[in-house]
Amino acid sequence: MAENLRGPELMEKLVSLCKRRGFIYPGSEIYGGLANSWDYGPLGVELKNNIKQMWWKMFVQRRGDMVGIDAALLMNPKVWVATGHVATFSDPMVECKACHARLRVDNLEGAVMDAGAEGGWNISGAKCPVCGKKDFGVPRQFNMMLQTHLGPVQDETSVVYMRPETAQAMFVDFKNVLETTRRRLPFGIAQIGKAFRNEITPGNFIFRQREFEQMEIEYFIREEESAEQFEHWLDAMKKWLTKIGVAPERLHFVDISEEDRAFYSKRTVDVEYDYPFGQKELYGLAYRTDYDLSKHEQHSGQDLKFTNPDDQKEKIVPHVIEPSFGVDRTLLVAMLEAYHEDIADNELRIVMRFPYWMAPVKVAVLPLSKKEELSVPARMLAQQLREADLAVDYDETQSIGKRYRRQDEIGTPFCVTYDFDTITDGAVTIRDRDTMEQVRVAIPDVAHYISSRL
Ligand code: ATP
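Draft legend 1. Focus on the domain arrangement of the chain. As far as domains go, the chain holds domain 1 (3-86 + 146-336), domain 2 (90-143) and domain 3 (361-451). Here domain 1 and domain 3 have C-alpha centroids that lie 39 Å from each other. Listed as interface residues are six residues of domain 1 and, on the opposing side, five residues of domain 3. Inspection of the domain 1/domain 3 interface yields two salt bridges.

What follows is the structure in structure tokens.
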């Protein structure tokens, strides 16, 4: 990232680039939008898929101790009773009586937690950040689960919740996974999928949405290995952060104090990042003890213990380490890190320096002229590269310089120029996004040249 670009200016530039180039659009835009909802466009979906696929490779397929699931989004509502979400998944909220803004009390400057005060918060020292008045209602807890109804009758018996996290399915399916895969401890279950939260203050682009995606792992262990496994997963998360190209100086690993942790967690580390709007959470890592499985045992009446096939005396409720990753925040951070501006050919150049594996388009094929003698074989080359499983863009409009700029702006690592010499020498020029160096490569070698550098 250009070091001079860190503040709100960077966010504005990124949001505008996302819209202009088809990474991310405001949701439902032709109907005036839907507050804080976002649609991933043609480049955004490629970027997001590349991130999810690499995560799955690193955390599931390349390890012998992990399996995946893809569970239903709507679960039996008893799940959320068992976890405590129905009773306590809430944020303290207050309404400004003057301007009717609904505000999160814990974000309100001057608000202090006070068990003796009405609603558990003393807000006498706080001012409304919207209108500046000091006239608030009583702080109340507001449940963040979104609800819908299943079936034709819409009453309280048909209420189901949109899952507020993907994690619970790994506990609910634990017994099935154990029985069908004959795993031994330690092992983990991973899932990537949508989650929904009726956030009171969504915002900062895709940082806080009401509909978002998570990549989560529940790693089942014996209690005595918890400290060692926690360190292992912290390290695995750091390796992932390096893989997606995050500068270590913008990361903070914050050990959450006992009073700020969920009561069942024995250790939590928040991975925080210096966003242009401040230092905030990117990922979380928690040692959740045997809390979840025990709760599901109690509420479902099922035996969720692990019996060691090699030692029948060992029958335990496993403990759990939970690394939790937001897909959208990963994408946001990857884009913030990738955004660079420099000068090329005396012009300002915006270049998204994505790691090559992440780039939505891997190679652009650019005939030097629209003339058929170049454009016909260039299209054929583009198709050959697509068939070699490369994401290809073909572009023949405007000057070659402009076309390079367009590709730099979406982070395409390689531009292949098909020129008049190609007709006689059967070779093309390949330009590298970062060094802007050009090499001449014979057409039959192009696919290999590019694939071997991704
Ligand atoms: P925050 O403190 O920012 O609200 P959280 O602690 O509630 O986050 P978790 O419940 O730990 O978040 O969720 C795991 C991960 O899911 C987060 O680290 C984040 O990457 C992502 N996430 C959570 N809420 C949202 C949201 N509203 N929009 C986008 N991503 C989210």
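On we go from here.
Draft legend 2. Summary view of the side chain of E322. Looking at the secondary structure, you find E322 in strand β18 (residues 319-326). What makes E322 buried here is its relative accessible area of 8%. Looking at E322, its side chain comes within polar contact range of the side chain of R288, at 3.4 Å. When near neighbours in sequence (up to four residues on either side) are disregarded, E322 contacts A167, E216, I217, E218, G284, L285, A286 and R288.

Draft legend 3. Here's a closer look at the site of the ligand. For the ligand, the set of nearby residues contains 14 residues, the closest of which are E199, R208, Q209, E281 and L282. In this structure, an oxygen atom belonging to the ligand sits 2.7 Å away from a side-chain N or O atom of E281. Between an oxygen atom of the ligand and a side-chain N or O atom of R329, the distance comes to 3.0 Å. Look at the ligand: alone it shows 590 Å² of surface, and the protein chains cover 79% of it. At the level of secondary structure, the elements contributing two or more residues to the shell around the ligand comprise β12 (211-221), β15 (278-289) and β18. Among the elements that take part in the shell around the ligand, β15 stands out by supplying four residues, more than any other.

Draft legend 4. Focus on the packing of aromatic side chains. Overall, the coordinates contain 24 aromatic pairs when judged by the stated rule. Here W55 and F59 contribute two aromatic rings whose centre-to-centre distance is 5.2 Å and whose plane-to-plane angle is 45 degrees, an arrangement assigned as tilted. Here F59 and W55 lie together in helix α2 (residues 42-61), a separation of four residues that amounts to about one turn. Here the aromatic rings of F59 and W233 are separated by 6.2 Å at their centres, their planes lie at 25 degrees, and the arrangement is stacked. Within this pair, whereas F59 is found in helix α2, its partner W233 is found in helix α7 (residues 226-243), the two being separated by 174 residues in sequence. Side by side, F59 and W233 carry an identical accessibility label, which is buried.

Draft legend 5. Expanded view of the sheet that holds strand β14 (residues 267-275). Spatially, seven strands are ordered β3-β11-β12-β18-β15-β14-β13 in an open sheet, and the strand pairing comes out mixed. Bordering the open sheet on either side are β3 (66-68) and β13 (251-255), each of which pairs with just one other strand. Adjacent strand axes in the sheet meet at a mean angle of 25 degrees when their direction is disregarded. As judged from the nine bridges shared by β14 and β15, these two strands associate in the antiparallel manner. Residue pairing across strands places V269 opposite L285, the latter belonging to β15.

The rules behind each value
- Residues numbered from 1 in each chain as written.
- Predicted model: local features only at pLDDT ≥ 70, side-chain atom pairs only at ≥ 80, totals over all residues.
- Heavy atoms only, no water.
- Domains from an automatic or database assignment.
- Contact = heavy atoms within 4.5 Å.
- Salt bridge = Lys/Arg side-chain N within 4 Å of Asp/Glu carboxyl O.
- Helix = DSSP H or I, 4+ residues; strand = E, 2+ residues; numbered from the N terminus.
- Buried < 20%, exposed > 50% of the residue type's maximum accessible area, 1.4 Å probe, protein only.
- Polar contact = N/O pair within 3.5 Å; in protein donor to acceptor, adjacent residues only side chain to side chain.
- Near = heavy atom within 4 Å.
- Areas by Shrake-Rupley, 256 points an atom, 1.4 Å probe, with all protein chains shown as cover.
- Phe/Tyr/Trp six-rings, centres within 6.5 Å; stacked < 30°, edge-to-face > 60°.
- Pairing = 2+ DSSP bridges.
- Axes fitted to C-alpha atoms, helices over the stretch in contact; angles between N-to-C directions.

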